[in-house]
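Structure assessment
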Amino acid sequence: MIRHLFKMIWNKKKQNMLLMVEMLASFMVVFAVFTLLVYNYQNYRREMGFESDNVWVINFNNSENIASLDTILMFREAIRNQLKSMPEIKAVSYSSANVPFSMSTHNGTLDHNKQGISSVNRYTGEDSYDDVLDLELKEGRWFTKADFGLKDNAVVINSALRERLFGTGPAVGQYIGDVSGDERRNKIVGVVKDTKFKGDFQAVEYDMFHRADTGSYRYLSQLIVKVIPGASTDFEGRLHKTMSSAIKNANVEIEHLSEKRVVRNNLSLVPMIILLIVAGFLIINVALGLFGVLWYNISKRRGEIGLRRAVGASGVSISKQLVGEALVLSTLSLIIGSFFAIQFPLLHLFDLPSGVYIMAWLLSLLFIYLLVMLCAFYPGRQAAAINPAVALHEE
Amino acid sequence: MLKNYFKIAIAVLRRRKFFTFISLFGISFTLTILIVLAAFINNIARSAYPDKKRDRSLYVMLMDQRSEKNGRNSGPPSFYFLDHYVGSMKTPEKISIASMFNATNTYINNKKLVINVKYTNDAFWDVMEFDFVEGKPYITQQIKNADKVTVITRDTRDSYFGEGVSAVGKYIETDNETYRVIGVVEDVPVTMLYAYGDMYLPYTLSKRDYLSKELNSNYTAVLLAKSAADLDQMKSEYQDVVSKVPVKGKEFDKLYSHADTYVASYTRILLGDGMESGIGKMFLILSLVAFLFMLLPTINLVNINTSRIMERSSEIGVRKAFGASSGTLVLQFITENIILTFLGGIIGLLLSWGIIFYINQSNLIPNIHLTIDFGVVFLGVLCCLVFGFLSGVYPAWRMSRLHVVTALKAN
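First things first, this report covers the structure right here in the doc.

Details of the overall build of chain B
- Secondary structure assignment for chain B yields 13 helices and 13 strands.
- Taken over the C-alpha trace, chain B has a radius of gyration of 29 Å; the compact-globule value for 411 residues is 22 Å, which it surpasses by more than 25%.
- Here the C-alpha coordinates of chain B stretch approximately 95 × 55 × 35 Å along the principal axes.
- Taken over 411 residues, chain B has a buried fraction of 40%.
- Restricting the contact set of chain B to residue pairs at least 6 apart, pairs at least 24 apart contribute 77%.

With respect to the overall build of chain A
- Across its full length, chain A holds eleven helices and eleven strands.
- Rg of the C-alpha trace for chain A: 31 Å, well past the compact-globule value of 21 Å for 395 residues, more than 25% over.
- Dimensions along the principal axes, computed over C-alpha positions, put chain A at roughly 105 × 50 × 30 Å.
- Taking all 395 residues of chain A together, the buried fraction comes to 37%.
- Contacts in chain A between residues far apart in sequence, at least 24 positions, make up 83% of those at least 6 positions apart.

Considerations on helix H5 (residues 159-166) of chain A
Residue and element names in this part refer to chain A.
- Considered for burial, the residues of H5 that qualify are Ser159, Leu161 and Arg162. Projected down its long axis, H5 shows its buried positions confined to an angular sector of 160 degrees, all on one face.
- Along its buried surface, H5 packs onto strand S4 (115-125), strand S5 (137-140), strand S6 (153-158), strand S8 (186-192) and strand S9 (206-211).
- Immediately beyond the C-terminal end of H5, within one or two residues, lies Gly167, with a positive phi of roughly 60 degrees.

Observations regarding the interface of chain A and chain B
- Residue-level contacts link 34 residues of chain A with 31 residues of chain B.
- Contributing elements (two or more residues each) for the side of chain A that touches chain B: helix H2 (13-45), helix H6 (233-246), strand S11 (253-256) and helix H7 (257-300) of chain A.
- Per-element accounting of the side of chain A that touches chain B gives the leading share, ten residues, to H7(A).
- Tallied by class, the residues present in the side of chain A that touches chain B amount to 15 nonpolar, 13 polar and six charged.

Regarding the pairing of strand S1 (residues 55-59) of chain A
Residue and element names in this part refer to chain A.
- In terms of residue burial, S1 counts as a mostly covered element, since five of its five residues are buried.
- Across five bridges, S1 lies against strand S10 (residues 222-227) in antiparallel orientation. Each residue of the ladder has a partner; that of Asn59, found in S10, is Gln222.
- Pairing between S1 and S11: four bridges, direction antiparallel. Counterpart to Ile58 in the pairing with S11 is Ile254.

What about the packing of H2(A) against helix H9 (residues 279-311) of chain B?
- For the pair H2(A) and H9(B), interaxial distance at closest approach is 9 Å and the crossing angle is 155 degrees. Classified by the angle their axes make, H2(A) and H9(B) are roughly antiparallel. By crossing handedness, the relation of H2(A) to H9(B) is classed as left-handed. Every residue of H9(B) that contacts H2(A) at A:Leu18, A:Leu19, A:Val21, A:Glu22, A:Ala25, A:Ser26 and A:Val29 is listed here: B:Leu295, B:Leu296, B:Ile299, B:Asn300, B:Val302, B:Asn303 and B:Thr306.

Some words on the environment of B:Thr298
- Within the fold, B:Thr298 resides in helix H9.
- Those residues in contact with B:Thr298 that sit more than four places away from it in its chain are B:Phe387, B:Leu390 and B:Ser391.

Points about unusual backbone geometry
Residue and element names in this part refer to chain B.
- With an omega dihedral of -5 degrees, the bond running from Tyr49 to Pro50 counts as a cis peptide bond.
- Although it is not a glycine, Asp175 sits at a positive phi angle of roughly 55 degrees.
- Within the secondary structure, Asp175 sits in the loop between strand S9 (171-174) and strand S10 (177-185).
- Backbone geometry places Asn176, a non-glycine residue, at a positive phi of 65 degrees.

Section: the packing of H2(A) against H7(A)
All names here are of chain A.
- It is at 10 Å that the axes of H2 and H7 come closest, and there the two elements cross at 155 degrees. What the angle tells us is that H2 and H7 run roughly antiparallel. Viewed along their axes, H2 and H7 form a crossing whose handedness is left-handed. Contact with H2, carried on its side by Leu19, Glu22, Ser26, Val29, Val33, Leu36 and Asn40, involves Ser268, Met272, Leu275, Ala279, Leu282, Ile283, Val286, Gly289 and Val293 of H7 and no other residues of that element.

Here's the deal with H9(B)
- The first and last C-alpha atoms of H9(B) sit 47 Å apart over 33 residues, in line with the 48 Å expected at 1.5 Å per residue.
- Its maximal kink placed at B:Leu295, H9(B) deviates by approximately 30 degrees, while the proline B:Pro297 follows within four residues.

Side note on the environment of A:Ser104
Residue and element names in this part refer to chain A.
- Within the secondary structure, Ser104 sits in the loop between strand S2 (89-95) and strand S3 (107-112).
- Each C-alpha atom of the pair Ser104 and Gly116 lies 23 Å from the other, and the pair is twelve residues apart in sequence.
- Dropping the residues within four chain positions of it, Ser104 is found in contact with Ala97 and Asn98.

Section: the environment of B:Lys235
Residues and elements named next belong to chain B.
- Its place among the elements puts Lys235 in helix H7 (residues 231-244).
- Note: C-alpha distance between Lys235 and Asp260 (25 residues apart in sequence) is 7.5 Å.
- Sequence-distant contacts of Lys235, that is, excluding residues within four places in its chain, are made with Leu58 and Ala259.

The rules we used
Residues numbered from 1 in each chain as written. Chains lettered and ligands numbered in written order. Predicted model: local features only at pLDDT ≥ 70, side-chain atom pairs only at ≥ 80, totals over all residues. Helix = DSSP H or I, 4+ residues; strand = E, 2+ residues; numbered from the N terminus. Rg over C-alpha atoms; globule rule 2.2 N^0.38 Å. Buried ≥ 20, exposed ≤ 12 C-beta atoms within 10 Å, placed from the backbone. Contact = placed C-beta atoms within 7 Å. Arc of directions from axis to C-beta. Nonpolar A, V, L, I, M, F, W, Y, C, P; charged D, E, K, R; others polar. Pairing = 2+ DSSP bridges. Axes fitted to C-alpha atoms, helices over the stretch in contact; angles between N-to-C directions. Parallel < 35°, antiparallel > 145°, perpendicular 65-115°, else oblique. Left-handed = near helix turned anticlockwise from the far one by under 90°. Expected span 1.5 Å × (residues − 1). Bend = angle between axes of the 7 residues up to and from the residue.

See below:
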């Protein structure tokens, strides 16, 4: 049966060639879309790893004019105490500019055992940083006052980096190189769960948290605060006033993490929606085209079909044959398409995990088969309904 | 002759309505998407309120300091650089200096307002042609005195003082400072980075130290030439100025900054590198995307056209038998196809007009106003031609090679 179908397709190779090119092109488009969707969906399903509700960010960019480090430290301490004394505020921490959902990233290459691990995110926070963001510790502990003034820097890493560096071996208490390449040793004191600081669609990344030391206060110009649920705008106004009268020469801006999250997610969502609309239109276009061409081809073969009916073929077997032909045709183009698709995981283009490509490949195969079956079904039914007497009479 | 082709084309279109529908659907939607995209790009690139003199302006948004060892420090230049070095240039008629917008908060009647503040010099008001709803801009003397005066946009006025309430002479508070409103201007879309802000202030009020001699900070400049012919001279003078800037400290050893045309000032940030502006790269990427996007509908159309043409084999056979050359037939079918694509193009234009109308109405992107201008329509027509030609050539060629006898016999 299949051999017969192949023969029929081969006999009309010129006409079928174009159909195959069309199916091939649609397969590639569908494959691209599914890859993106599967990738984003997998990332979306992972837990956030921290709590962003009721967390506010206070930006006070710039304090260039303050001279000595001691003044800065005292000044920062005073602000922290002032904020802590407010009943609406549960926890406060200074933070580097790469607060969750911000556009700012600090990353670099981490040297460990002579191998460089690139793109390790570097966050700086205080002892209360994990309270503000509700980070979940898996091993060890977060920074404490005891980490101050030691020879080694205390750092916390996330699970992904832990696995990359130590596999299943012990991590807490180990030493790793510094991201910036300076020679001071970093001692791991804890491991936190992977977080999605860059929005719901962020892939797993390597994170490293540093304890804010005296030198870093010069450039820390962000505060993150955890407020009680339902803190009012009125309170926010007071908080703003407090901050701007405390830091005279700075612009003070308060942002809510929940709002920043929406903005950040839109950066991933909007291109995805546009792509889906465009791809959807392309698919409708292709479906209509396939349908039209198949229908036309079948209507040209009335004589042949009439003859088969006359010698005893049932209507079902006729429509089966026509749908089968379309499926064999699509199989041929899908084989070529798969050859191209397989290059993506093999050549490590775009740096996505192979599982994503395989899933996307399976989904696209299924999608194209369904599409072709749908397009061939109605013309097949029409053909099955051909009355042999009428068809043969025309001939 | 052409009239005849037209008649035949219409007759064929009406014969197989389903096929006609598929063709028109494909063409019109492809064009709609391309036209809406073009309208967006056009909206970003062309001169518009308040930046109306783009044809004789150059833009500066990037100061790129580098060294082999310490990596790079790139971002907007500082006020000092723009004022001290760029300010000494001879060719520009006016140099507008303005900061990037900074978000500030104000709390009024239990409501939070986010006001984006832009610090500017006085030439900003001459280079940008703002429409004043009321009042006027601040002048050199007010900047020198560091007077606490401000120009706000209509939106800011409406949400702070109430809809349509006159604001000139009143006081507005943001970021814990109070300013006297001296002017209200029409709103600017956020896509106009050089002009956008909710509130404009004299640069002397900036809380950042605008006298700091750092080269990188957060200011941008627009250099206005006397005429478009002076742009090249202005570019080279700018390079002269940049080459004289001492690279301070041990940190960096190379310094790049350019005065670019509007679009190039953006592509330089996204795709540029050192001396390369990245505008060529952008065109390449855009045309590649458009090509890939049009590929599928074109193949689809080729498929449909082939079916349709083969259906007319008897007509072709007869015409050939009576001596029509292959060339004439190919020409006829391509003409017919172009007529079809133009029909689709008209529908596509109407559709995109509707979509653009919707985007403008719904305020999907605040204050943006998309238009379909002559350039976009021209692009649409060009797309139609290419589309019609490409999808018509192959089927016509297939058809013209039909043997007379087979063509006649087929029926």
